[in-house]
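This is what each chain is made of:
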Amino acid sequence: MTTTQRDRVPSGAGLGTFAGVFTPSILTILGIILFLRSGFVVGNAGLAGTLAIIAMATAVSVLTSLSLAAISTNINVGGGGDYYLISRTLGLEFGGAIGIVLFLAQSVSVAFYSIGFGEVTASLMGWESQLAVQAIAAGAILVLFVFAWAGADVATRLQFVIMAALIAALVSFYVGAFGSFDFSMLTSSWSGGPGGIGYWAAFAIFFPAVTGFTQGVSMSGDLEDPKRSLPAGTFAAVGISTVVYVTVVILIAGGVPIASLVDDDGSAMRNLASIGALVSVGVVAATLSSAMASFLGAPRILQSMASDRVYPLIGSFATGSGENNNPRRATVLTMGLALVTVSLGSVNVIAPVVSMFFLISYGLLNYATYFEARASSPSFRPTFRYFNKWGSLAGAALCGGAMLAINPAAGAISILLLLGIYRYLSTRPIPKRWADSGYSHHFQRAVESIKSLDGELRHARYWRPQLLVFSADATRRARLLTFASWIEANSGFTATFKIVVGDGVRKRIETDEEERELQREIADLGLSIHARSVLAPDGLQALPVIVQSSGIGRLKPNVVLFGWPESSDKEQLSRYTDTVRRVARLGVSVVSLSTDQERWDTLNAVPERDRRIDVWWEDDDAGRLALMAAYLCTRSPEWRYAKIRLVLIVDDDVSDHQRSVEQFLEDARFSAEVVVIDRAIGPDIVTMCADASLVFIPMHIRRGDLVDPYGEEIVSQTARLPVTAAVHAGEPIRLDTDPSSGRGAQIAAAERAVDEAAERLGRLEINLDELGSTVERLMRTGGEPDEIAAAEDNFERVHRRVLSARVRLTQAESDLSTLLRNAR
């Protein structure tokens, strides 16, 4: 059976808005709390508090309905209700976690409402036995099972009968309550009665009344047009039920003294009704309607999860029956769970947790809409336009607040259980089966992060290895990529390119095949590396272009990794040297790995605890980069026990050089042994490092040759060593990562210089104004010529200092502007 066949009923055979969404939703909202707890809430919270409670509860309903309308009109909605919508937006893990708990919650709700039906019926019959209540509840479950087994269309007919009973009960109440309404009694009921339980306790009792407004969503797979029916039916149910609740509590407050309502158990509505028995019938109908809605919703959630193969061992529940794909197997399981729950007796202990699961599903539905809208994906084009992503986020927050207000302990248990299931699903090897919003979310976050990085200060502290790996040979490439993962050590990123030389359609096809093969190689190695294959007429010409054009913003390669030629052919070595030189001129660092299969196997044979990394030390950018690469290796799992050793050759003052290097290592926070070789009497450095597991050598380009720190031709040196990485620094490398150092310190000093220059200019300008006033006063009052001349000399002298201070301020501002511009 295809996905479309599985999730959707045939066109023209599904339920409409009224029968499929509005009826189950409103029958669940106008449930037992309306008839048995409305008066109690008014008595304890007062009319003002009750209206506030209804307003808060309605806010959750309306915001969630808006989110539901947006998300359901953006995708083709299949069976499974909340599970389907959440899984197709937040992903299978969230959807599967909420799906299984909603299935269990709705199955338990069948028992919960059936027990309520049993208690009301037993009370009307005068039976006090708990066994009688359980027997009635079990009988109700069996009867409802028959309707659920027959299918949604048949069950809906039963709901029409129940709706008729509810309407009769409400009409009876309205007729009687209007006749008993007393405005003075209404005003005296504005606040709660004496001895009340308080606002939040009353809120906790009332709120579960509105948790049924998405019951119609569970019928999504049985709807003829879910995109139209889900928002329309849900809005209608929420709107009408809100009017009913508001008018009922106002009429109760105006018909019964507030003191009598504090302990009301539903008698207020019966006494106010013109025919009290109809209210009792309404109570019975309310319990049956809620149970029937849960009986229809739970199996469809399980069927959808089984079709998606979310959990093992539930695949058989994906099979449906008849034209409408009725989930009969899942219906049998729902009945079994409900009967087991009834046999346990009271469900008061788990009822709060069940309510929390519904609230979590509403919160996730709101968050899913916010998540989708915030990702700004072009594919998010809901036909329902009257929603706002911040409103959806507010709806999610309100659901969380309601959980805390109603029952913090039950809320915590529910969230922990949900997170546990989410974690379990995250560890299962489930392949991606549909395009949820995860890609759009990660893409948007990546774009935002790249923009944020562009605005950050450039500082040595931010240096990370961003590697670009080139290799044409698959065997050597595996060694290169593994080495790249060591020196990256999850601190940066690695990308590998394969250049396919040629042109034309066939070569483009070959390029795509090579990229897929490259990705398979990386997957087989178990590495996290980005792979690309590019087509170019000339590989050597393309390589520098790829190095310069790779990346975006600050995420661009700063280290290029090559494999050292394993051939001794001079022409090949010459081409390789030329390639390294051309890349190094681009301002990126180059690492050349010298190894072969024998040396690689020797390295892998060394136990992890016995490994040692030798670094030929030279206090320059290449040496510092080699030391950093060696340190990063030790952050990889394979090298976590390795020791680092710095080896250098000196002509004199061995102990002074050793102390100097050790002090440098301490200041830079590196842990390494320092070995200083006296050139005159010490062993050859190659011999000294022959037993190392891995060697890093600073590399320089001089007169067209690649040489080591001591001017020796590096090719012959690496051939005598174990696995060796020659490191050439293409940019300044600093290991001093003090946050206050570097460009940041320069900017701070420039800012101080601007402030000091501005302050000095301000003082001089004030002095200049005072001197100008003095000259004017002396000339006006006829002062002595010598005195006037002296004042004018002072004025000219300070004026020159003002002009000089202005130049200094302009220069300081220019220097600061240059530093800020270059820091970005």
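Residues numbered from 1 in each chain as written. Predicted model: local features only at pLDDT ≥ 70, side-chain atom pairs only at ≥ 80, totals over all residues. Heavy atoms only, no water.

Draft legend 1. Representation of helix H21 (residues 505-525) within the structure. Taking 1.5 Å per residue as the helical rise, H21 with its 21 residues ought to reach 30 Å, and the 31 Å between its terminal C-alpha atoms agrees with that figure. Considered for burial, the residues of H21 that qualify are Thr511, Glu515, Leu518, Glu521 and Ile522. Burial along H21 is one-sided: seen end-on, the buried residues are contained in an arc of 120 degrees. Residues Val505, Arg506, Ala523 and Asp524 are exposed on H21 and point more than 90 degrees away from its buried face. The inward-facing, buried residues of H21 contact helix H20 (474-488), strand E2 (493-501) and strand E3 (530-536). After H21 finishes, the residue Gly526 shows a positive phi value of roughly 70 degrees. (Helix = DSSP H or I, 4+ residues; strand = E, 2+ residues; numbered from the N terminus. Expected span 1.5 Å × (residues − 1). Buried < 20%, exposed > 50% of the residue type's maximum accessible area, 1.4 Å probe, protein only. Arc of directions from axis to C-beta. Contact = heavy atoms within 4.5 Å.)

Draft legend 2. How the structure looks around the nonpolar core. Core analysis: the largest hydrophobic core is formed by 137 residues, its most contacted members being Phe35, Phe173, Phe206, Phe207, Phe295, Met305 and Leu359. Looking at this core element by element, the count peaks at 16 residues for helix H6 (residues 92-125). In terms of nonpolar packing, the next biggest core, distinct from the first, is built from 51 residues, Ala531, Ile613, Leu646 and Leu694 among them. (Core = buried A, V, L, I, M, F, W, Y, C linked by side-chain atoms within 4.5 Å.)

Draft legend 3. Region of interest: the packing of aromatic side chains. Enumeration according to the criterion identifies 30 aromatic pairs in this entry. Their ring planes at 70 degrees and their centres at 6.3 Å tell us that Phe483 and Trp486 sit as a pair that is edge-to-face. Taken together, the residues Phe483 and Trp486, both in helix H20 and three residues apart, mark about one turn of the helix. Across the pair, Trp486 and Phe483 agree in class, each one buried. Taken together, a centroid distance of 5.4 Å and an interplanar angle of 10 degrees make the contact between Trp486 and Trp600 stacked. Residue Trp486 is found in helix H20, and its partner Trp600 is found in helix H24 (residues 597-605); the two are separated by 114 residues along the sequence. Judged by relative accessible area, which is 8%, Trp600 ranks as buried. An aromatic cluster of at least three residues, connected via ring pairs, comprises Phe470, Phe497, Phe562, Trp564 and Tyr576. Positioned over the ring face of Phe40 is Arg37, at 5.9 Å from the centre of the ring. Lying over the aromatic face of Trp639, Arg611 brings its terminal NZ or CZ to 4.8 Å of the ring centre. (Phe/Tyr/Trp six-rings, centres within 6.5 Å; stacked < 30°, edge-to-face > 60°. Lys NZ or Arg CZ within 6 Å of the ring centre and 35° of its normal.)

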